[in-house]
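Report on the structure
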Amino acid sequence: QLQASGGGLVQAGGSLRLSCAASGRTFSTYAMGWFRQAPGKEREFVAASSTVYADSVKGRFTISRDNAKNTVYLQMNSLKPEDTAVYYCAVRRYGSRWSADAMDYWGKGTLVTVSS
């Protein structure tokens, strides 16, 4: 089970830190990542635990993980209104693709709202 938290309302230029805690099994050997879905849009890749980032967040977002805590984090700085979305953490057991259909486990999302 994956549980994302840390979302909220923030002004443009602000920061938030999302957390995704895994329970029930150890995900340390699996790749973990973050996706987001804005209203009316498809779910899109944001960042992967291999420190791969979507172009739209490079230089602003940082992903990290703590295997001892079975947790992955997403530090989001310099937030923009277009970052507003529900953010999801996901786990991929095998493969190398970072697309929504390649993920094996999903957590419940956490809403991030960035006001202008």
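The notes below deal with the structure included here. (Residues numbered from 1 in each chain as written. Predicted model: local features only at pLDDT ≥ 70, side-chain atom pairs only at ≥ 80, totals over all residues. Heavy atoms only, no water.)

A word on the side chain of arginine 36
Structurally, arginine 36 is set in strand β4 (residues 31-37). Polar side-chain contacts of arginine 36 include one of 2.7 Å to the side chain of glutamate 44. A polar atom in the side chain of arginine 36 sits 2.9 Å from the side chain of tyrosine 87. Sequence-distant contacts of arginine 36, that is, excluding residues within four places in its chain, are made with Glu42, Arg43, Glu44, Val46, Ser56, Val57, Phe61, Glu82, Asp83, Ala85, Val86 and Tyr87. (Helix = DSSP H or I, 4+ residues; strand = E, 2+ residues; numbered from the N terminus. Polar contact = N/O pair within 3.5 Å; in protein donor to acceptor, adjacent residues only side chain to side chain. Contact = heavy atoms within 4.5 Å.)

What about the environment of alanine 38?
Tracing the backbone shows alanine 38 in the loop between β4 and β5 (44-48). With 47 residues separating them along the chain, alanine 38 and alanine 85 place their C-alpha atoms 4.2 Å apart. Residues contacting alanine 38, with those up to four places away along its chain left out, are Thr84 and Ala85.

Regarding the side chain of arginine 92
Mapped onto the secondary structure, arginine 92 falls in strand β9 (residues 85-92). An unpaired buried charge is present at arginine 92: no salt bridge exists, and aspartate 104, the closest side chain of opposite charge, is 6.4 Å distant. Among the polar contacts listed, one links the side chain of arginine 92 to the backbone oxygen of arginine 97, at a separation of 3.1 Å. Setting aside residues up to four positions removed in sequence, arginine 92 forms contacts with Tyr30, Ala31, Arg97, Trp98, Ala102, Met103 and Asp104. (Buried < 20%, exposed > 50% of the residue type's maximum accessible area, 1.4 Å probe, protein only. Lys, Arg positive; Asp, Glu negative; His and termini not counted. Salt bridge = Lys/Arg side-chain N within 4 Å of Asp/Glu carboxyl O.)

Things to note about unusual backbone geometry
The backbone of asparagine 70 sits at a positive phi, close to 55 degrees, despite the residue not being glycine. As for its placement among the helices and strands, asparagine 70 is situated in the loop between β7 (61-66) and β8 (71-76). A relative accessible area of 12% places asparagine 70 in the buried class.

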